[in-house]
Amino acid sequence: MREQVAVLDFGSQYARLIARRIRECGVYCEIVRHDISAGEVAAMKPAALVLSGGPASVMNSDSPGMDPAIFDAGVPVLGICYGMQLMAKLLGGRVERGADGEYGPAKITFIEPVPLFHGIDAGMEVWMSHGDQVTVLPEGFASLAATPSCPTAVMGNKHRCLYGVQFHPEVVHTPRGNDILSNFLYRLAGCRGGWTMGRFLEESVAKIRDTVGDSEVVCALSGGVDSAVVAALLHRAIGERCRSFFVDNGLLRKGEVEEVRTLFARDYSLSMTVVEARGEFLAALRGVVDPERKRKIIGETFISVFKRQKDAMGAARFLAQGTLYPDVIESRSPLGGPSAVIKSHHNVGGLPEDLGFELLEPLRELFKDEVRRLGTELGLPDRLVHRQPFPGPGLAVRVIGEVTAENLKVLRDADAILRDEMGRYENVHEVWQYFAVLLPVKSVGVMGDERTYDDVVALRAVSSLDGMTADWARLPADLLARVSSRIINEVTGVNRVVYDISSKPPSTIEWE
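Computed from a prediction, not measured in an experiment: that's the story for all the values here. (Residues numbered from 1 in each chain as written. Predicted model: local features only at pLDDT ≥ 70, side-chain atom pairs only at ≥ 80, totals over all residues. Heavy atoms only, no water.)

1. Quick word on the overall build of the chain
And then number 1: Scanning the chain from terminus to terminus reveals 14 helices and 19 strands.
And then number 2: Along the longest, intermediate and shortest principal axes, the C-alpha atoms of the chain span 75 × 65 × 40 Å.
And then number 3: A burial count over the chain gives 57% of its 512 residues as buried.
And then number 4: In the chain, 75% of the contacts between residues at least 6 apart in sequence involve partners at least 24 apart.
And then number 5: Counting only carbon and sulfur atoms, one obtains 50% of the accessible surface of the chain, whose full area is about 21,000 Å².
And then number 6: Of note, the chain has its 57 positive side-chain charges centred 2 Å away from the centre of its 67 negative side-chain charges. (Helix = DSSP H or I, 4+ residues; strand = E, 2+ residues; numbered from the N terminus. Buried < 20%, exposed > 50% of the residue type's maximum accessible area, 1.4 Å probe, protein only. Contact = heavy atoms within 4.5 Å. Areas by Shrake-Rupley, 256 points an atom, 1.4 Å probe, with all protein chains shown as cover. Lys, Arg positive; Asp, Glu negative; His and termini not counted. Charge placed at Lys NZ, Arg CZ, Asp CG, Glu CD.)

2. Side note on unusual backbone geometry
And then number 1: Residue P505 is bonded to the preceding K504 through a cis peptide linkage, with omega at -15 degrees.
And then number 2: Within the secondary structure layout, P505 lies in the segment after β19 (494–499).
And then number 3: The residue after P505, namely P506, is reached through a cis peptide bond having omega 10 degrees.
And then number 4: With respect to the secondary-structure elements, P506 resides in the segment after β19.
And then number 5: Backbone geometry places K45, a non-glycine residue, at a positive phi of 55 degrees.
And then number 6: Here K45 is to be found in the loop between α2 (38–44) and β3 (48–51).

3. Some words on helix α3 (residues 82–90)
And then number 1: For α3, the buried fraction is high: seven of the nine residues fall into the buried class.
And then number 2: Restricting attention to buried positions, one finds in α3 the residues Y82, G83, M84, Q85, L86, M87 and A88.
And then number 3: Downstream of α3 by one or two residues, G92 has phi in the positive range, about 100 degrees.

4. Things to note about the sheet that holds strand β4 (residues 77–80)
And then number 1: If you walk across this open sheet you meet the eight strands as β2-β1-β3-β4-β10-β9-β8-β6, and the pairing is mixed. In this open sheet, the two strands that pair with only one neighbour each are β2 (28–33) and β6 (109–110).
And then number 2: Judged from the four bridges that link them, β4 and strand β10 (residues 162–165) form a sheet pairing that is parallel. Residue pairing for β10: G79 is matched across the bridge by G164. (Pairing = 2+ DSSP bridges.)

5. Things to note about the packing of helix α5 (residues 197–212) against helix α11 (residues 368–377)
And then number 1: Packing of α5 against α11 brings their axes to within 9 Å, and their N-to-C directions diverge by 75 degrees. As the angle between them shows, α5 and α11 are arranged roughly perpendicular. Residue-level inspection shows M197, G198, F200 and L201 of α5 in contact with α11, the latter providing E370, R373, L374 and E377.
And then number 2: Across the contact of α5 with α11, the residue classes break down as four nonpolar, one polar and three charged. (Axes fitted to C-alpha atoms, helices over the stretch in contact; angles between N-to-C directions. Parallel < 35°, antiparallel > 145°, perpendicular 65-115°, else oblique. Nonpolar A, V, L, I, M, F, W, Y, C, P; charged D, E, K, R; others polar.)

6. Some thoughts on the sheet that holds strand β15 (residues 358–360)
And then number 1: Spatially, the five strands line up as an open sheet ordered β13-β12-β11-β14-β15, and their pairing is parallel. Edge strands, defined here as strands with exactly one partner in the open sheet, are β13 (272–276) and β15. This sheet shows a mean twist of 35 degrees between the axes of neighbouring strands, independent of strand direction.
And then number 2: As defined by bridge partners, strand β11 (residues 216–220) adjoins strand β12 (residues 242–248) across four bridges and the pair is classed as parallel. Bridging across to β12, A220 finds its partner in F245.
And then number 3: Each of β11, β12, β14 (316–320) and β15 is contacted by helix α6 (residues 225–238), which is oriented at about 165 degrees to β11, the strand it contacts most.

7. Some thoughts on the pairing of β12
And then number 1: Here β12 lies mainly inside the structure; six of its seven residues are buried.
And then number 2: In terms of strand pairing, β12 meets β13 through five bridges, oriented parallel. Bridge pairing links S244 to M272 in β13.

8. Here's the deal with the confidence of the model for the chain
And then number 1: Looking at the chain as a whole, its pLDDT mean stands at 88, while 92% of the residues score no less than 70.
And then number 2: Across residues 332–351, where pLDDT falls below 50, the model places 78 contacts with residues more than four positions away in sequence or in other chains. (pLDDT = per-residue confidence, 0-100.)

9. Comments concerning the packing of aromatic side chains
And then number 1: Summed over the entire model, instances satisfying the criterion amount to seven aromatic pairs.
And then number 2: Summarising the aromatic geometry, the rings of F10 and Y82 are spaced 5.4 Å apart at their centres and angled 45 degrees between planes, so their arrangement reads as tilted. Here Y82 lies in helix α3 and F10 lies in the loop between β1 (4–9) and α1 (15–24), a separation of 72 residues in the sequence. As far as burial versus exposure is concerned, F10 and Y82 are alike and both buried.
And then number 3: Measuring from ring centre to ring centre gives 6.3 Å for W472 and Y499, while their planes differ by 75 degrees; the resulting arrangement is edge-to-face. Within this pair, whereas W472 is found in strand β18 (residues 471–472), its partner Y499 is found in strand β19, the two being separated by 27 residues in sequence.
And then number 4: Of the aromatic side chains, those joined through ring pairs into one cluster are Y28, W195 and F200.
And then number 5: The ring of F390 carries the charged tip of R253 above its face, separated from the ring centre by 4.0 Å. (Phe/Tyr/Trp six-rings, centres within 6.5 Å; stacked < 30°, edge-to-face > 60°. Lys NZ or Arg CZ within 6 Å of the ring centre and 35° of its normal.)

10. Looking at the pattern of salt bridges
And then number 1: Per the counting criterion, the structure on display carries 38 salt bridges.
And then number 2: The closest approach of N and O atoms between E203 and R199, which form a salt bridge, is 3.5 Å. Within this pair, E203 and its partner R199 are both found in helix α5, separated by four residues, close to a single helical turn.
And then number 3: R308 is paired through a salt bridge with E280; the nearest N and O atoms lie 2.8 Å apart. Here R308 is found in helix α9 (residues 291–313), whereas its partner E280 is found in helix α8 (residues 278–285), with 28 residues between them in sequence. (Salt bridge = Lys/Arg side-chain N within 4 Å of Asp/Glu carboxyl O.)

11. What about α1?
And then number 1: For α1, the tally of buried residues reaches nine of ten residues, placing the bulk of the element in the interior.
And then number 2: Directly beyond the C-terminal end of α1, a positive phi value near 90 degrees is found at G26.

12. Observations regarding the nonpolar core
Taken as a class, soluble globular proteins show a tendency for nonpolar side chains to be buried jointly.
And then number 1: F306, L459, L475 and I487 are the most contacted members of the largest nonpolar core, which has 47 residues in total.
And then number 2: At seven residues, helix α13 (residues 405–422) tops the list of elements feeding residues into this core.
And then number 3: Leave out the neighbours within four places in its chain, and L459 touches L418, F435, A436, L480, V483, I487, V497, V498, Y499 and D500. (Core = buried A, V, L, I, M, F, W, Y, C linked by side-chain atoms within 4.5 Å.)

The structure is reproduced here in structure tokens:
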């Protein structure tokens with residue numbers, strides 16, 4: 001049985017970062033409901049449990065809780081922020097509102113050495129985000145570290161292997177956070193490790209063969225890395241019984257159809273059929289401005305197109321798509337937890353109830369960086385593995401407002417200029433994603449001594465590791481100046497270019 005760690009989700013978007021960090025430590029990790037029972041935990045046979053942070057206060061009557069019997073199961077537990085406070089409360093301690101909240105960087109002082117801090121010097125910098133704090137420790141617990149305003153920044157019961165940290169080791173702002181998680185996994189929980197993409201590949205191939213049996217599969221191939229990895233994975237598992245279809249929905253970037261066709265024909269020998277459906281998508285989107293409605297319409301139209309392919313094939317029972325963990329996270333609270341819905345992805349929240357297929361989503365539990373590593377394991381070329389993320393709804397969510405052929409042309413031409421200039425930027429490898437957005441506003445300008453009242457294009461470029469968090473890219477001013485000048489001079493109908501300098505959170509990477 002696969003060694004695994006379970007993260008109980010109490011509503012923090014960063015619960016997923018915890019899972020990713022644990023996987024980086026070489027241990028497979030899954031997110032589970034915060035109200036999972038002790039019996040269900042026992043059935044999972046986890047090597048350890050982690051209690052996530054969350055936006056609520058444990059002092060509120062309606063705050064998310066957990067089965068206290070889990071603490072008696074003999075499984076090592078690490079509580080983070082809200083998770084630490086809940087552990088303290090359920091085991092007989094006390095949590096109160098602190099005189100001063102802690103938000104941002106802080107330095108902790110170790111009170112006594114424990115394996116959790118192995119190899120870490122005193123005075124470690126951590127990232128805090130809390131107003132409540134543990135004021136009375138549960139029986140058997142000791143305070144292990146403190147900050148000037150938080151006497152119990154870390155608590156632990158060595159005999160029961162129950163630990164809590166008030167800070168967030170999963171975020172990059174806690175520089176030694178991964179070391180703390182690794183110490184918990186290996187020095188306290190006794191994990192063996194061994195979670196790799198090679199092992200995931202072997203398990204996935206076996207699972208796909210078992211699930212699909214003798215059926216055929218329709219693979220939704222967008223040309224991006226996610227769907228390409230799915231197609232390659234299915235090809236490895238079931239060969240020619242997987243048929244890949246690339247839908248030209250009219251919402252693609254300039255030259256994308258030919259680029260994708262060439263990429264798969266030349267760089268990776270994979271059978272692909274291009275389905276022309278531009279008119280169908282644009283007709284369905286006519287007059288629609290709400291982004292959630294756009295995504296649902298696009299999801300429904302994709303399914304309609306794939307159903308026709310299924311009918312032509314006859315024996316296809318499954319629809320395979322490149323759904324990733326972040327797609328699921330942002331589309332809904334997938335495991336019953338209190339996490340907020342950020343937006344409906346067309347391939348998750350945008351799918352119709354009457355699907356007509358059984359979904360096959362072998363990457364559903366992976367983060368983007370893991371998918372890239374899997375693509376390398378499958379032998380996909382670097383040019384494909386490191387392709388920029390492109391949203392399934394395409395340019396429809398980068399045209400803010402109604403999607404028309406005219407608006408798409410303006411955006412497509414502006415985006416092509418940005419991509420052309422970024423292709424010559426020496427540090428482009430440091431940028432996770434870059435694209436143009438057409439705004440639903442007009443701007444007064446002067447061109448050729450005449451007044452203009454034309455469109456505004458926003459440029460977006462971010463750096464990220466997995467797409468869950470992102471910071472705006474500090475592109476050189478001369479690069480931005482060239483892009484702006486070219487767009488205004490070469491794209492008819494644009495007289496102003498702006499640069500988006502917001503990070504995720506609080507913003508998302510895409511505008512819609």
